[in-house]
Amino acid sequence: MAEIKCIGIMTSGNDAPGMNCAIRAVTRAAIYNGLKVKAVYRGYKGLIDGEIVEFETQSVSNIIQFGGTILKSSPSKEFLNPEGRQKAYDNIVKEGIDALVVIGGDGSIQGAKIFAQEYDFPCIAIPATIDNNLCGTDTTIGYDTALNTIMHTVDKIRDTATSHERLFFVEVMGDGAGFLALNGGIASGAEEAIVPTIEIEEEQLNHFVQNGFRKTKGSSIVLVAANEQTGGAMHYADLIKNQYPELDVRISILGHLQRGGSPSAHDRIIASRMGAASIQALLKGLRNVMIGIDNDEIVYVPFSRAIKNNRAIDRNLLDILHNISI
Ligand code: F6P
C-alpha cells in the first residue's frame, strides 16, 4: 500500500452547518501528522476543472463558527461519466494527491465509492447533511443545527398560531426521510408529525383534529416532511381545509433557511472528531469507509452500508410525540 503524504479535501452535494468545522479538523489533523493538504473547490466539479490549492493551518482559521462551506459546492454531471472521472484522476495525479477526504451526503459518498473502485484510490467520507439519512452514524453533521433552527422557528410560529387560534402545517426538509420532521416535532411540542416512512392516513389526521385541535387546543402545529410524492404540507392542509372549512389553516414552508446558520456545539464537536478520525483512519490503512459516531465511539462504515438508504425511523418517537401533545 502506497504511503500517504498528501491528502485532497473537498465538500460536495448540499451544504450543511458544520462542514467548515470538518474542513478545519481534517486540515489541521493532516498537517499535525506531517501530511500535505490540497483543498479542492466546488466538489467533484472542481476536481475535474483542477480548482485545487494547497492549504496551510491558517487557511482554516476563524471558520469554525460559520455555516455553509468555504470550499463551495457544485453539482457535477461530468463526474457521472467515466471520461469526467478520468479528468478528475489526472488532476489528482498531477497534484500529487494520495487520498481524498470527501465531506457530504449520500450522493457524495456514492461518487467517492465509484471513484475509489474505478481507480483503486483511497477515499474517506465524512457524513454531512441536515437530512440525517445515512446509516452507521448516530447523527450526521448539520442535523442538530437544522433541528435547532426548526425548533426556534416553530416557537415563533406558535406565538402567532396561538394568538389567532390557527392550525399550521409546517413543512421541513428531509429528502425522503422524516428525522427532521419527527424530532423537530418533539423538540417544538408539535401536535403531529407526518413522515414519509410512517403512513399517516386521512383517518389519523381526522382523529388528530377531533381529539387535539377541536377539543383541547387553542392552536396546533403539524410538522410535515417535504415529500414530492404526497405534495407535503400543501396536500395535508388541503385535505383538512376541505373537510373542516371552519378551521383557520395556514401553511409555512421553512425551505433553505434550515440549511444555514452557525453550527451548534454538537455539530462542531462531531465534525471535529470525525475530521480528526478521517486522518487517523488513512494513517491506519483504512480505505473507502465513512467515519461515523455510534454510541459516542468513532466507527468506520463501509460506503455501501452508509448509503443503503434504509435508515429506519423509530416509531416509538411518534408515539411519544402523540402521548405528550394531548
Ligand atoms: O440535503 C438537504 C436538502 O435540504 C434536502 O432535504 C432537500 O430535498 C434538498 O437539500 C434541496 O436541495 P436544493 O434545493 O438546494 O437543490
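Look up a bit, the structure's there.
This one's a predicted model, so the numbers in the text were calculated from it and none came from an experiment.

Cut-offs applied
Residues numbered from 1 in each chain as written. Predicted model: local features only at pLDDT ≥ 70, side-chain atom pairs only at ≥ 80, totals over all residues. Heavy atoms only, no water. Near = heavy atom within 4 Å. Polar contact = N/O pair within 3.5 Å; in protein donor to acceptor, adjacent residues only side chain to side chain. Areas by Shrake-Rupley, 256 points an atom, 1.4 Å probe, with all protein chains shown as cover. Nonpolar A, V, L, I, M, F, W, Y, C, P; charged D, E, K, R; others polar. Phe/Tyr/Trp six-rings, centres within 6.5 Å; stacked < 30°, edge-to-face > 60°. Helix = DSSP H or I, 4+ residues; strand = E, 2+ residues; numbered from the N terminus. Buried < 20%, exposed > 50% of the residue type's maximum accessible area, 1.4 Å probe, protein only. Disulfide = S-S within 2.5 Å. Core = buried A, V, L, I, M, F, W, Y, C linked by side-chain atoms within 4.5 Å. Contact = heavy atoms within 4.5 Å. Pairing = 2+ DSSP bridges. Axes fitted to C-alpha atoms, helices over the stretch in contact; angles between N-to-C directions. Expected span 1.5 Å × (residues − 1).

Asks: So what's going on with the site of the ligand? Which residues, and what values?
Replies: In the region of the ligand, the neighbouring residues are Asn14, Thr129, Ile130, Asp131, Met173, Gly174, Asp175, His256 and Arg259. The side chain of Asn14 places a nitrogen or oxygen atom 2.9 Å from an oxygen atom of the ligand. Note that an oxygen atom of the ligand is positioned 2.9 Å from one of the side-chain N or O atoms of His256. Relative to its unbound accessible surface of 400 Å², the ligand loses 64% to contact with the protein. When its residues are assigned to classes, the shell around the ligand shows two nonpolar, four polar and three charged.

Asks: Give a description of the packing of aromatic side chains that names residues and reports values.
Replies: Following the criterion strictly, the structure yields eight aromatic pairs and no others. Note on Tyr41 and Phe55: the rings are 6.5 Å apart at their centroids and 80° apart in plane angle, and the pair reads as edge-to-face. On the criterion of sequence distance, the pair formed by Tyr41 in the loop between β2 (36–40) and α2 (43–49) and Phe55 in strand β3 (residues 52–55) is long-range, its members being 14 residues apart. Tyr41 sits in the partly exposed class, given a relative accessible area of 22%. Ring centres 6.3 Å apart and planes at 85° place the aromatic pair Tyr89 and Phe121 in the edge-to-face group.

Asks: Explain the state of the cysteines to me, and be specific about the residues and the numbers.
Replies: Inspection of every chain in the model, using the stated rule, returns zero disulfides. Free of any disulfide, Cys123 has its nearest neighbouring cysteine sulfur in Cys6, separated by 13 Å. The closest cysteine sulfur to the non-disulfide-bonded Cys135 is located on Cys123, 20 Å from its own sulfur.

Asks: How would you sum up the nonpolar core? Please name residues and give values.
Replies: By size, the foremost hydrophobic cluster in this structure holds 80 residues, and its most contacted members are Ile7, Phe169, Leu180, Ile221 and Ile240. Discounting chain neighbours no more than four positions away, the residues touching Leu180 are Ile130, Asp131, Tyr143, Ala146, Leu147, Ile150, Val172, Met173, Gly174, Gly185, Leu223 and Gln258. Met10, Ile109, Leu134 and Ala306 belong to the second largest nonpolar core, which has 27 residues in total.

Asks: Could you give an account of the sheet that holds β2, with specific residues and numbers?
Replies: Sheet architecture is open: seven strands sit in the order β3-β2-β1-β4-β5-β10-β11, paired in mixed fashion. The open sheet has two edge strands, β3 and β11 (297–302), and neither has a second partner. The sheet shows a mean angle of 30° between the axes of neighbouring strands, taken without regard to direction. Here strand β10 (residues 289–294) pairs with β11 via six bridges, running antiparallel. When the bridges of β11 are listed, Ile293 appears paired with Ile298. Along the sheet face, helix α1 (residues 19–32) touches β1 (6–11), β2, β3, β4 (99–104) and β5 (123–127) and points at about 175° away from the line of β1. Helix-sheet contacts for helix α9 (residues 265–283) involve β1, β4, β5, β10 and β11, and the interaxial angle to β10 is about 135°.

Asks: Talk me through α9; I want residue IDs and the actual numbers.
Replies: Taking 1.5 Å per residue, 19 residues should reach 27 Å; α9 reaches 27 Å between its end C-alpha atoms and fits that length. The complete set of buried residues in α9 reads Asp267, Ile270, Ala271, Met274, Gly275, Ala277, Ser278, Ile279, Ala281 and Leu282. Following α9 by one or two positions, Gly285 has its phi on the positive side, about 95°.

Asks: Can you explain the environment of Ile114? Please cite residues and give values.
Replies: Along the polypeptide, Ile114 turns up in helix α4 (residues 106–119). Here Ile114 falls in the partly exposed class, since its relative accessible area comes to 32%. Placed 66 residues apart in sequence, Ile114 and Leu180 show a C-alpha to C-alpha distance of 29 Å.

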